[in-house]
Amino acid sequence: AITTAAANALGPIFGMSNLTIGQPTSASIAALNTANFNQAIEDLNLYARFSGAQEAVLVGTSTLTVAGDLKVLDHQDFRGNLVPIISANIGGKLELSGFSSRKEIIVAGQNNFGRDDLIIQPVITGFADIEISANPSSLFGTPAGVVFAAASPNTYDGNTTVNAGTLTVNSTTSLGQG
């Protein structure tokens, strides 16, 4: 597990790094805890943990800025077992920003029992359009999906497009302002 000890501990705002949590061939309990410090990264890649719904990223009350794309990648040995959660406390934010006007959330279907293959609890902010491609599970072919589960309205300015799979939102205000 990674727990950050200071703001921008994962890299400076410019010259950000990609962050991969987990491994493609062995189940892990890897997780990122921002410890309530603002962090900025380029791409965020999440691999399967051992099973079930588990916290992969804890934003707390801080802001995690993802300047690139957000991907849930298929685990080679435990396909169909992942429901990663990006969790937050009240005030926690996931900022999708950067130089591109479009941010992709790409999900390899994991959950064999529903369509909640990625659960995003922080308020989503930023200026980009969000495109979701949630592809069926490679193990069972189960439809895939993303859940915007923020308790408060998302405030990103862009449009929301679902290219594949489903998007479940807590309320109509969960789709941003585009």
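For the structure given in this document, a descriptive report is provided here. In this text the structure is predicted, and so the values were computed from the model without any measurement.

Procedures and definitions
- Residues numbered from 1 in each chain as written.
- Predicted model: local features only at pLDDT ≥ 70, side-chain atom pairs only at ≥ 80, totals over all residues.
- Heavy atoms only, no water.
- Pairing = 2+ DSSP bridges.
- Helix = DSSP H or I, 4+ residues; strand = E, 2+ residues; numbered from the N terminus.
- Axes fitted to C-alpha atoms, helices over the stretch in contact; angles between N-to-C directions.
- Buried < 20%, exposed > 50% of the residue type's maximum accessible area, 1.4 Å probe, protein only.
- Contact = heavy atoms within 4.5 Å.

A word on the sheet that holds strand β16 (residues 160–164)
Link 1 in the chain: Strand order in the open sheet formed by six strands is β2-β5-β8-β11-β14-β16, with parallel pairing between adjacent strands. What marks the edges here is a single partner per strand, and that holds for β2 (19–21) and β16. Strand-to-strand twist of the sheet, defined as the mean angle between neighbouring strand axes without regard to direction, takes the value 15°.
Link 2 in the chain: Here strand β8 (residues 70–72) pairs with strand β11 (residues 102–108) via three bridges, running parallel.

Here we look at the pairing of β11
It is a general feature of regular strands that their side chains alternate between the two faces of the sheet.
Link 1 in the chain: Note that β11 and strand β14 (residues 129–135) share seven bridges and pair parallel. Bridging across to β14, I106 finds its partner in S133.

Points about unusual backbone geometry
Link 1 in the chain: Here A35, not a glycine, exhibits a phi torsion of approximately 55°, which is positive.
Link 2 in the chain: The phi torsion at N36 lies on the positive side, around 65°, for a residue other than glycine.
Link 3 in the chain: Topologically, N36 is positioned in the loop between β3 (32–33) and β4 (39–41).

Describing the environment of V123
Link 1 in the chain: Here V123 is to be found in strand β13 (residues 123–125).
Link 2 in the chain: Exposure remark for V123: the relative accessible area of 14% places this residue in the buried category.
Link 3 in the chain: The sequence separation of V123 and A150 amounts to 27 residues, and the corresponding C-alpha distance is 5.3 Å.
Link 4 in the chain: Residues in contact with V123, not counting those within four places in the same chain, are G92, K93, L94, A150, S152, P153, N154 and T155.

By themselves, these figures tell us nothing about what the structure is for.
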